[in-house]
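Working through the structure, step by step
Each chain is listed here by its residues.
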Amino acid sequence: MPSELLISCQSIGKSYGAQTLFRDITLSFHAGERLGLIGPNGSGKSTLLKILAEVETPDAGQLARAGSTHLVYLPQEDVFPAGATVETALLEALPASHKDEGLNSIRDLIREMAFADLAQAVDTLSGGWRKRLAVMCALVRQPDLLLMDEPTNHLDLEGILWLEDLLKQARFAFVLVSHDRYFLENATNRIVELNRRYPDGYLRVEGSYSEFLQR
């Protein structure tokens, strides 16, 4: 039985001036999605992710989202409120339904983060720990579909393994842009490459990154 449809795009196209990034992209994303979005630089991976997140609008085509689908977008650059601490950043991310419970409602996630001090100022965190915090803030928002742009940026090996393990246990669907082939192999089970060399402008393969390479 097909899984629940979360979001779909039909004949999506996007250009900047005279440069066409992509055209006629038709894809559907379902519950249980574990998709890696790849392609050469300039192929429009980040732009397509922003279109899915409804941060940008396509020049052509249609985007349809199931009414109950909660999308959360994690951009490449991590942005936090000025003067935020780890604790206040998490509290800010909490859905309204969990505000009264505060950090108690996400104590398991906090334990997984392994932060030594919730009162630490975000501005003093390393790039890797800022990325961990950004990921956890996204999870706190309880996504049905999490859209991640280069989530391993700034993470060391320990951080990447932490993220891999987290995604393997995820109950939400996700789409991620990454150049890290080992991360793609371990975290995804479907690959889409944006590339003008393909007749349709992209190639979609059900399976791991190594299966994609064989295709």
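Here goes a summary of the coordinates provided. Position numbers for residues count from 1 along each chain, tracking the sequence in the order it is written. Reporting in this predicted model follows two pLDDT cut-offs: at least 70 for local features of residues, and 80 or more for side-chain atom pairs to be given and counted; totals over whole chains, interfaces and linings ignore these cut-offs and use all residues. With hydrogens and water excluded, all non-hydrogen atoms of the structure serve as input to the side-chain values.

**Examining the environment of Ile12**
In plain terms, the rule: Secondary structure elements follow DSSP: runs of H or I of four or more residues count as helices, runs of E of two or more count as strands, with numbering from the N terminus. In this scheme, a residue with accessible area under 20% of its type's maximum is buried, one over 50% is exposed, and one in between is partly exposed, where area comes from a 1.4 Å probe on protein chains only. Any two residues whose heavy atoms approach within 4.5 Å are treated as being in contact.
Within the secondary structure layout, Ile12 lies in strand E1 (residues 5-16). Classification of Ile12 as buried rests on a relative accessible area of 0%. For the pair Ile12 and Val72, spaced 60 residues apart in the sequence, the C-alpha separation amounts to 20 Å. Sequence-distant contacts of Ile12, defined by excluding residues within four places in its chain, comprise Phe22, Arg23, Asp24, Ile25, Ile51, Pro58, Ala60, Gly61, Gln62 and Leu63.

**Re the environment of Arg23**
Position of Arg23 among the secondary structure elements: in strand E2 (residues 19-30). For the pair Arg23 and Pro58, spaced 35 residues apart in sequence, the C-alpha separation works out to 9.6 Å. Among all residues touching Arg23, those that are not within four sequence positions of it are Ile12, Gly13 and Asp200.

**Let's talk about helix H5 (residues 157-168)**
Operational definition: Expected helix span is taken as 1.5 Å per residue step, with the number of steps being one fewer than the number of residues.
Compared with an ideal rise of 1.5 Å per residue, which puts 12 residues at 16 Å, H5 spans 16 Å between its outermost C-alpha atoms and is within 8% of the ideal. Residues of H5 that are buried make contact with strand E3 (34-38), helix H3 (107-113), helix H4 (127-140), strand E6 (145-149), strand E7 (173-177) and helix H6 (181-187).

**Here we look at the packing of H4 against H5**
The condition that has to hold: The angle between two axes is taken between their N-to-C directions and runs from 0 to 180 degrees, where each axis is a line fitted to C-alpha atoms and a helix contributes only its stretch in contact. When an angle is under 35 degrees it counts as roughly parallel; over 145 it counts as roughly antiparallel; between 65 and 115 it counts as roughly perpendicular; any other value is oblique. Crossing handedness is defined as follows: a turn of the near helix away from the far one that is anticlockwise and smaller than a right angle gives a left-handed crossing, while the clockwise case is right-handed. When residues are grouped by polarity, Ala, Val, Leu, Ile, Met, Phe, Trp, Tyr, Cys and Pro land in nonpolar, Asp, Glu, Lys and Arg in charged, and all others, Gly among them, in polar.
Look at H4 against H5: their axes get within 11 Å of each other, and the N-to-C directions meet at 15°. It follows that H4 is roughly parallel to H5 by the angle criterion. Once H4 is placed against H5, the crossing between them reads as left-handed. Contact with H4, carried on its side by Arg132, Val135, Met136 and Leu139, involves Glu158, Gly159, Trp162, Leu163 and Leu166 of H5 and no other residues of that element. Of the residues in the contact of H4 with H5, the class split is 6 nonpolar, 1 polar and 2 charged.

Keep in mind these numbers describe shape, not what the thing actually does.
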